[in-house]
Amino acid sequence: MENRLMGIAASDGIAIGKAYLLTEPDLTFAKKTIDNPEGEITRLLDSFENAKSEVQAIRDHVAIAVGEEEAQVFDAHVMVLSDPEMLDTIKSNITDNKVNAEQALADVSGLFIAMFEGMVDNPYMQERAADIRDVTERVMGHLLGVKIPSPATIKEEVVIVAKDLTPSDTAQLNRRYVKGFVTDIGGRTSHSAIMARSLEIPAVVGTKTITELAADGVMVIIDGLEGNIIVNPDEATLAEYKEKQTAFETQKEEWAKLKDAETVTKDGKHVELAANIGTPKDLQGVNDNGAEAIGLYRTEFLYMDSEQFPTEQEQFEAYKAVLEGMNGKAVVVRTMDIGGDKELPYLQLPEEMNPFLGYRAIRICLAEPDMFRTQLRALLRASVYGKLRIMFPMIATLNEFREAKQMLEEEKAKLVAEGQSVSDEIEVGIMIEIPAAAVLAHQFAKEVDFFSVGTNDLIQYTMAADRMNERVSYLYQPYNPAILTLLKHVIDSAHAEGKWVGMCGEMAGDQTAVPLLLGLGLDEFSMSASSILKTRSLLAKLDSKEMEALAHKAINECSTVEEVIALVEELTESLS
Ligand code: PEP
Ligand code: MG
């Protein structure tokens, strides 16, 4: 029977396909005393063999579909599965203690994991604990006859159904087969949603219950435009959505005509339309969508994709590739923003009660100067290959900015003394994503070259509404007059000092927000590449003076977000 539910529209488009359930497998088992150890050992050996051929197949597939580097993770798994020491210990455990294979496996792998995790002086060996955990899960799956999902091996068109997707799950998805995804948790600005937009696959997040409603293999429609999910659609619904899908594709073709057009408003005002990226691989989407610059390069993904801190040279290569790939167009590179929902396995940080308010981003960088200076040096060396702008994230105080800038100056001086060439035209700015910095923008504006407003965090901190929590998503209100008032102060303060202001939070590509942001005087809009063309099309229909009046009215006459939305809708209806 057809079932409908609502979530948060996270990435445009309509996807129709069979559900691929990417959920935690149930690997519970009972401990049993056995009287046939040989039989248990045979089960164990078979499960190891099956797991090994499965991992080998995944490895080969990932090497072709994603890349050799990504595939190497699975070599470590094959190594664990081929290690006689672990297997022999499990066998002895079965024989000596007369327990079933599941119990023996769990006991022995628990010991190995504890042993590797205890090697605090050897981060490489510590990481092997994660490999043993993965391998144990896979072998256990075979012993219990439970399927372990492996998104990297999907070979037919599916839509992914999951509780949540980690950035590394999302990075493994193959666009050819994965047509969309839907999750129980998350909001529009959680990183899985941001990744979906950069992959240009339709997504709906925060449905709360999709993993309970959709069984593996049932037909699911994901409406990433409106946030609707239909499980088991009937014929009429299927036909309706196929039509909607075609209409959206036609719309996209229309927008594509604007790829090389200049971004100007109806009255001829130019604003810069830029793209957000996570890796140099995203450059293709940036150029295909006609971005005029990169307004945010989230460098933490470089750190997250690696097994240890990327070296200065590795970072230099990545930054150079992006600068060269943009052919002289500006690139805002944000220094590492680890923390919040972005973890770094090799940087072992204690668990925190409130990671989004904790030890993250510039706070880590200033406390770990060696790591930070390595990144700054790599950036400075790359600066001669294009138009570089460096941006510090999560700045709360002027002292943090001054300290970071001082380190940058020192590294520059050292490089110059070493005879390296460094550009003299690097702009240095900050993200405005902490309310304290927004309130004090008039002081920051005297010292920085630019601001880029990180509304994903600024809204969550101003409204005290976790950006990842679907239960409070109703409070996550970009158009709340409080947010608009704060933005006006930031933009006016920068302009008073002759500085420019961009926005790289998701609000910059939000079609309801764009008229207001134009009216507030935002200079640069940076967004997922997939939102650029529709925003260019919208801006061409807007008159900047009229939008100024609109923003003024929203701030001075509206007291609720509903009133602001009604005001913008009245305007947009008159456009079409
Ligand atoms: C933001 O906070 O708006 C932002 C762009 O940074 P991130 O989403 O990476 O936290
Ligand atoms: Mg942020």
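This structure is a prediction, so every number in the text was calculated from the model and none was measured. What you see as residue numbers is a count from 1 along each chain, following the sequence as written. Each chain is given a letter, starting from A, and each ligand a number, starting from 1, according to the order in which they appear as written. With the structure being a predicted model, the display of local features is reserved for residues of pLDDT at least 70 and the display and counting of side-chain atom pairs for 80 or more, all residues being used for whole-chain, interface and lining totals. Hydrogens and water are ignored here; the side-chain numbers use all heavy atoms of the structure.

(A) Fine view of the overall build of the chain. Think of it this way: any DSSP run of H or I at least four residues long counts as a helix, any run of E at least two long counts as a strand, and we number them from the N terminus. Regarding its fold elements, the chain presents 23 helices and 16 strands. A compact globule built from 576 residues would reach a C-alpha radius of gyration of about 25 Å, and the chain, at 26 Å, matches this within 12%. Only protein chains enter the calculation, and the probe is 1.4 Å; a residue is then buried if its accessible area is under 20% of its type maximum, exposed if over 50%, and partly exposed in between. A buried classification covers 55% of the 576 residues belonging to the chain. Throughout, a contact is declared for two residues whenever any of their heavy atoms are within 4.5 Å. In the chain, 69% of the contacts between residues at least 6 apart in sequence involve partners at least 24 apart. We get accessible surface area from the Shrake-Rupley algorithm with a probe of 1.4 Å; when it comes to residues, only the shown protein chains can shield them. Entry remark: accessible area of the chain is about 24900 Å², with carbon and sulfur atoms responsible for 51%. For the purpose of counting charges, residues Lys and Arg are taken to be positive, whereas Asp and Glu are taken to be negative. His and the chain ends are not included. Charged side chains are reduced to one point each, which is NZ for Lys, CZ for Arg, CG for Asp and CD for Glu. Within the chain, one finds 55 positive and 95 negative side-chain charges whose respective centroids are separated by 3 Å. Every radius of gyration here is taken over C-alpha atoms, with the globule rule written as 2.2 Å times N^0.38, N being the number of residues.

(B) Representation of the coordination of the magnesium ion (ligand 2) within the structure. Ligating atoms shown are N, O and S within 2.8 Å of the metal, or 3.2 Å for Na, K and Ca, and water is not included, meaning a site may look less than complete. Note on the magnesium ion (ligand 2): its protein donors are Glu-433 (OE) and Asp-457 (OD). The metal-donor distances range over 2.0 to 2.2 Å. Of this pair, Glu-433 sits in the loop between β13 (427-432) and α16 (435-439) while Asp-457 sits in helix α18 (residues 455-463), and the two are 24 residues apart along the sequence.

(C) Here's a closer look at the packing of α18 against helix α19 (residues 481-496). Where α18 meets α19, the axes come as close as 11 Å, and the angle between the chain directions of the two elements is 125°. The orientation of α18 with respect to α19, classified from their angle, is oblique. Of the two elements, α18 crosses α19, and the hand of that crossing is right-handed. For the pair α18 and α19, the contacting residues are Leu-458, Ile-459, Thr-462 and Met-463 in the first and Ile-483, Leu-486 and Leu-487 in the second. Any residue outside Ala, Val, Leu, Ile, Met, Phe, Trp, Tyr, Cys, Pro, Asp, Glu, Lys and Arg is labelled polar, Gly included; the first ten of those are nonpolar and the last four are charged. Looking at side-chain class alone, the contact of α18 with α19 contains six nonpolar, one polar and no charged residues. Only the contacting stretch of a helix is used when fitting its axis, a line to C-alpha atoms as for every element, and angles between N-to-C directions run 0 to 180 degrees. Here roughly perpendicular refers to angles of 65 to 115 degrees, roughly parallel to angles under 35, roughly antiparallel to angles over 145, and oblique to all remaining angles. Working rule for handedness: look at the near helix, and if it is turned counterclockwise from the far one by less than a right angle, call the crossing left-handed; if clockwise, right-handed.

(D) Seen up close, the domain arrangement of the chain. Domain assignment breaks the chain into domain 1 (3-23 + 150-234), domain 2 (37-144) and domain 3 (270-574). The split into domains, and so the bounds of each, comes from an automatic or database assignment of domains. The straight-line distance from the C-alpha centre of domain 1 to that of domain 3 is 27 Å. With 16 residues of domain 1 in contact, the opposing surface of domain 3 contributes 16 residues. The term buried area denotes the loss of accessible surface (1.4 Å probe radius) that occurs when two parts are joined, taken as the sum for both partners. At the boundary of domain 1 with domain 3, total buried surface from both sides reaches about 1600 Å², with 53% on carbon and sulfur atoms. Of all residues in domain 1, Thr-189, His-191 and Arg-197 bury the most surface against domain 3, accounting for 36% of the area lost on that side. For this analysis, a salt bridge means a side-chain nitrogen from Lys or Arg found within 4 Å of a carboxyl oxygen belonging to Asp or Glu. Taken together, domain 1 and domain 3 are joined by two salt bridges. The partner of Asp-12 in a salt bridge is Lys-534, and the shortest N-O contact between them spans 2.4 Å. Polar contact is defined as a pair of N or O atoms within 3.5 Å, subject to the rule that within protein one atom must be able to donate a hydrogen and the other to accept it, and that residues adjacent in sequence are counted only when both atoms are side-chain atoms. For the pair domain 1 and domain 3, the interface holds eight residue pairs in polar contact (both at pLDDT 80 or more).

(E) Layout of unusual backbone geometry. Positive phi values are uncommon outside glycine, yet Lys-208 reaches one of about 70°. Assignment of secondary structure puts Lys-208 in the loop between β6 (203-205) and α8 (210-213).

(F) Quick peek at the site of ligand 1. Here, proximity means that at least one heavy atom of the residue falls within 4 Å of the molecule or strand. Not every one of the 15 residues close to ligand 1 is listed here, only the nearest: Arg-298, Arg-334, Gly-454, Asn-456 and Arg-467. Side-chain polar atom of Arg-298 to an oxygen atom of ligand 1: 2.8 Å apart, as the coordinates give it. At 3.2 Å from an oxygen atom of ligand 1 is found a main-chain nitrogen or oxygen belonging to Thr-455. Taking 290 Å² as the accessible area of ligand 1 by itself, protein coverage stands at 100%. Every element with two or more residues in the shell around ligand 1 is listed here: β10 (293-298) and α18. Here the shell around ligand 1 gets three residues from one element, more than from any other, and that element is α18.

(G) Molecular detail of the UniProt feature "binding site: phosphoenolpyruvate" (unreviewed entry) in the chain. As recorded in UniProt, the sites labelled "binding site: phosphoenolpyruvate" (unreviewed entry) are Arg-298, Arg-334, Asn-456, Asp-457 and Arg-467. Residues within four places of Asp-457 in sequence aside, it is in contact with Phe-356, Arg-360, Met-394, Glu-433 and Arg-467. Position of Arg-467 among the secondary structure elements: in the loop between α18 and α19. Since its relative accessible area comes to 5%, Arg-467 is described here as buried. Beyond its immediate stretch of four places on either side in the chain, Arg-467 contacts Gly-187, Thr-189, His-191, Ile-194, Phe-356, Asn-456, Asp-457, Gln-460 and Tyr-476. At 2.9 Å, the side chain of Arg-467 forms a polar contact with the backbone oxygen of Thr-189. UniProt positions are given in the numbering used here, feature names are shortened, and annotations may be inferred rather than shown by experiment.

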